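Structure assessment
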Protein chains: 2
Amino acid sequence: MSDNKLAFEDFQPGRRFALGPKTVTTEEIIEFAREFDPQPMHLDEAAGRASILGGLAASGWHTSALFMRMMADSFLLASLSHGAPGIDFMEWRKPVLAGDTLSGHSTVIETRPLRSRPGVGMVKFRHEIENQKGELACLSENSIMFAMRQSLEMTS
Amino acid sequence: MSDNKLAFEDFQPGRRFALGPKTVTTEEIIEFAREFDPQPMHLDEAAGRASILGGLAASGWHTSALFMRMMADSFLLASLSHGAPGIDFMEWRKPVLAGDTLSGHSTVIETRPLRSRPGVGMVKFRHEIENQKGELACLSENSIMFAMRQSLEMTS
């Protein structure tokens, strides 16, 4: 089964993976905000309009979680991912408003074998998420660990 | 009402805000993962134990969202926050396992008025979240915008 999955060796610099599209609904924005970020501009249309966000807007952390799901559906669930140690940076460039449709891509920037974990390599990505107007809504870079195919062949 | 809320002027470098405690349950971990990060180590105890995380572990994005909620409850909802433009970095240092209790603090590092938005200032924080063993589970820095009290007085 693992043979068909994306291994460290498959992530060459420059390779791009499409993300989305995903339309964000009012109900999703409010549900996430109630649990994790109950600031008024994420809970209420009028409060959102009165804020610098200009409308009922998703929490930045909601946008980040939606981006994670887009990555999972695009390539992570079809890979030998070992997870990520963190986020190098994340910029919420534009408000994500109710009804917006997000899409984008993850591009491999660089890769390196991990000395501390033989058979595992680190892949650094640049992630760009746009809204339906083509505006950059979210920009991020982070590194994700993947098992090497070579190591699987050696141990099986 | 705004008079009682924390304004930009109240965030002096060195001031600390306690976060949590928050115990993370199996059900919460699985519910978040199903929606946003359906990788096996976040959905299934056995898969978690087999992974480098060592047990059913919260998605890093779930830990981040829980951290957001801890900030909201600690000081953001009692402040004149205008939201945050992003995250400078976030490190998921230790797996957050089912049953773990998270707590920590946000410390003001530096503050500056925003030239682009008169009456608003930017406050940079360092955020540290520990588990119940005192291990640093999550480390992050980001900046959050707050209205100035002075500006409110001038416009009211």
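Residues numbered from 1 in each chain as written. Chains lettered and ligands numbered in written order. Predicted model: local features only at pLDDT ≥ 70, side-chain atom pairs only at ≥ 80, totals over all residues.

**A word on the interface of chain A and chain B**
- In this complex, chain A contributes 29 residues to the contact, which on the side of chain B involves 29 residues.
- Among the secondary structure elements, those contributing two or more residues to the side of chain A that touches chain B are helix 3 (60–76), strand 2 (81–83), strand 3 (86–87) and strand 4 (89–92) of chain A.
- Of the residues forming the side of chain A that touches chain B, the biggest block, eight residues, is contributed by helix 3 of chain A.
- Of the pairings in the sheet, the one linking strand 4 of chain A to strand 3 (residues 86–87) of chain B comprises two bridges and is antiparallel in character. Considered in strand 3 of chain B, the bridge of E91 of chain A is made with G86 of chain B. (Contact = placed C-beta atoms within 7 Å. Helix = DSSP H or I, 4+ residues; strand = E, 2+ residues; numbered from the N terminus. Pairing = 2+ DSSP bridges.)

**So, the relation of the copies chain A and chain B**
- Of the two same-sequence chains, chain A is brought onto chain B (RMSD 0.0 Å, axial shift 0.0 Å) by a rotation of 180 degrees. One copy is carried onto the other by what is essentially a two-fold rotation axis. No C-alpha of chain A lies nearer the rotation axis than that of F89 of chain A, which sits 2.4 Å from it.
- A share of 100% of the interface residues of chain A reappears at the interface of chain B, consistent with the copies meeting face to face through the same patch. (Least-squares fit on C-alpha atoms with pLDDT ≥ 70 in both.)

**With respect to unusual backbone geometry**
- Residue P21 of chain A is bonded to the preceding G20 of chain A through a cis peptide linkage, with omega at 5 degrees.
- Tracing the backbone through its elements, the reader meets P21 of chain A in strand 1 (residues 16–23).

**Here's the deal with the pairing of strand 5 (residues 101–113) of chain B**
Residue and element names in this part refer to chain B.
- Bridge analysis of strand 1 (residues 16–23) against strand 5 gives six bridges, and the strand direction is antiparallel. The residue of strand 5 that forms the bridge with K22 is L102.
- For strand 5 and strand 6 (residues 120–130), the ladder comprises ten bridges, and the chain directions are antiparallel. Across the sheet, T107 pairs through a bridge with R126, a residue of strand 6.
- Between the antiparallel neighbours strand 5 and strand 6 lie six residues, among them G119 with a positive phi of about 90 degrees.

**A short note on the environment of P95 of chain B**
All names here are of chain B.
- Relative to the helices and strands, P95 resides in the loop between strand 4 (89–92) and strand 5.
- Separated by twelve residues in sequence, P95 and T107 have C-alpha atoms that sit 23 Å apart.
- Not counting the four nearest positions on each side in its chain, P95 is found in contact with L53, G54, G55 and A57.

**Looking at the nonpolar core**
- Core analysis: the biggest nonpolar cluster contains 81 residues, and M71 of chain A together with M71 of chain B have the highest contact counts within it.
- Leave out the neighbours within four places in its chain, and M71 of chain B touches L19, L76 and S106 of chain B. (Core = buried A, V, L, I, M, F, W, Y, C linked by C-beta atoms within 7 Å. Buried ≥ 20, exposed ≤ 12 C-beta atoms within 10 Å, placed from the backbone.)

**Comments concerning helix 1 (residues 26–36) of chain A**
- The set of residues buried in helix 1 of chain A consists of I29, F32, A33 and F36 of chain A. Down the axis of helix 1 of chain A, the buried set is contained in an arc of 100 degrees. They therefore lie on one face. Of the residues in helix 1 of chain A, the exposed ones pointing more than 90 degrees away from the buried face are T26, E27 and R34 of chain A.
- Buried residues along helix 1 of chain A sit in contact with helix 3 of chain A together with helix 4 (60–76) of chain B. (Arc of directions from axis to C-beta.)

**A word on the environment of K5 of chain B**
All names here are of chain B.
- With respect to the element layout, K5 can be found in the segment before strand 1.
- C-alpha of K5 to C-alpha of S81: the two residues are 76 residues apart in sequence and 9.4 Å apart in space.
- What K5 contacts, discounting residues up to four positions off in sequence, is A78, S79 and L80.

Purely spatial values, then, with no claim about function.
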